[in-house]
Amino acid sequence: MSQPASGARRALALAAFCAISSAPALAEGGAQDLLSAVKKARLIDLSHTWEITSPVASVNPSYSFALSATHAKTRGTFNDGGQLSFTAEEQHFSGQHGAPSIDAIGHIGRDGKLFGGVDAAAATSNPNGIGASGVGANLAIDKFPADLLVNRGVLLDVARMIQGDASPLPAKFEITAAHLEQAAKRQQVGLKKGDTVFIRTGWGPYFKSNPALYAGENSPGPSLSGAEFLIKQGARVVGDDTLTFEMRPPVVTTPKLQVFPVHMRLIADSGIYIMENLNLEELSQAKAYEFAVVVPPLKILGGTGSAVRVFALVPRD
């Protein structure tokens, strides 16, 4: 069984995390010490490249991109003898689904209520955004907590644990609480209250190599059992490398019919942010199970979510 780093490396990882996420007092050399700690870390990009052919969940608007201004068209715009030229583009896509993306707490409701008992219909009665009506503004993406912008991250590499190598989980694999607990023990990493927790299914490469499969009817992901484990451990942000985070099709029939049950349990019931479309392959290859993670959503007033550029900082080997 492959184990993570030695005790010395684990100590280094924790030291690097503390240095990165908790800035020292800006006394003489303080800012430089912080910068030096950050520069010494290995940066792992957890984002795919978002493009016209990227897979999009069927319930969301399609993505489009086109240059509205080109260098050929704009050169000479200001009668400067053709010195300056510029470009601009027009984009259209759902704010909560990118590569990767994060759902705002107000994105999902249950039985007409948002997290905290907020009236879901009232919160979105004004099309200018969640809370524009005066109800539920705290649940929009512009209210993403500052303390989660840089946080302790944990990777639970369920795919590598089950498959024994880097290959992906089967399309109908249900990730339970037992799988998540076993992955944590195998990797010798403890989950703590407030963590950002990523689950690797191994489906990340399909985002580019096989978008039709990636966006198809079936994909692995956490079950309600897995969701309960994450809630019990005190996670505040969770994510994985699939289109919908939870196992697809996202439907359970017992004890009653529920559509997107994991989304309702995590977001509407528990106030936990969900991220989708992560690229977790380099983290897995590095066996980096504990790291500083940077999650900076766009500050969109009333937004239901945001495309986001996510990255992890880990000690260099």
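K.L.:
How do you make sense of the confidence of the model for the chain when you look at a structure like this?
P.N.:
Predicted coordinates in regions of low pLDDT should not be interpreted in detail. Here the chain averages 91 in pLDDT, and 91% of its residues register 70 or above. Note on residues 1-9: pLDDT is under 50 here. Beyond four places in sequence and across chains, it has 15 contacts. Segment residues 20-26: pLDDT under 50, and 13 contacts once partners within four positions in sequence are set aside and those in other chains are kept.

K.L.:
Looking at this model, I keep getting lost on the packing of aromatic side chains. Mind explaining?
P.N.:
Any two aromatic rings considered together are summarised by their centre-to-centre distance and by the angle between their planes. In total, this model carries eight aromatic pairs according to the counting rule given. Judged by centre distance (6.4 Å) and plane angle (35°), the rings of Phe78 and Phe86 are tilted. By relative accessible area, Phe78 is classed as exposed at 54%. Taking the centre distance of 5.4 Å and the plane angle of 85° together, the rings of Phe207 and Tyr214 count as edge-to-face. Judged by its relative accessible area of 3%, Phe207 falls in the buried class. Tyr214 sits in the buried class, given a relative accessible area of 0%. The rings of Trp50, Tyr63, Phe93, Phe207 and Tyr214 are connected pair by pair, giving a single aromatic cluster.

K.L.:
Just checking my understanding: could you explain the sheet that holds strand 16 (residues 305-307) for this structure?
P.N.:
Across a sheet, paired strands are connected by hydrogen bonds in the backbone, their directions being either parallel or antiparallel. Pairing in this open sheet of nine strands is mixed, and the strands run 1-17-15-7-9-11-14-4-16 from one edge to the other. Edge positions in the sheet fall to strand 1 (41-45) and strand 16, since each has one partner strand and no second. Across this sheet, the average inter-strand angle for adjacent strands is 25°, counted without regard to direction. Of the strand pairs in this sheet, strand 9 (residues 196-199) and strand 11 (residues 237-240) are connected by four bridges, and their pairing is parallel. Counted as the bridge partner of Phe198 is Gly239 from strand 11. Of the strands in this sheet, strand 7 (150-156) and strand 9 touch helix 6 (residues 177-187), which is tilted by about 100° from strand 7.

K.L.:
How do you make sense of helix 10 (residues 261-268) when you look at a structure like this?
P.N.:
Structural remark: α-helix, 3.6 residues per turn; residues separated by three or four positions point the same way. Across the eight residues that make up helix 10, a large majority, seven, are buried. Along helix 10, the positions that sit buried rather than exposed are Pro261, Val262, His263, Met264, Leu266, Ile267 and Ala268.

Rules used throughout
Residues numbered from 1 in each chain as written. Predicted model: local features only at pLDDT ≥ 70, side-chain atom pairs only at ≥ 80, totals over all residues. Heavy atoms only, no water. pLDDT = per-residue confidence, 0-100. Contact = heavy atoms within 4.5 Å. Phe/Tyr/Trp six-rings, centres within 6.5 Å; stacked < 30°, edge-to-face > 60°. Buried < 20%, exposed > 50% of the residue type's maximum accessible area, 1.4 Å probe, protein only. Pairing = 2+ DSSP bridges. Helix = DSSP H or I, 4+ residues; strand = E, 2+ residues; numbered from the N terminus. Axes fitted to C-alpha atoms, helices over the stretch in contact; angles between N-to-C directions.

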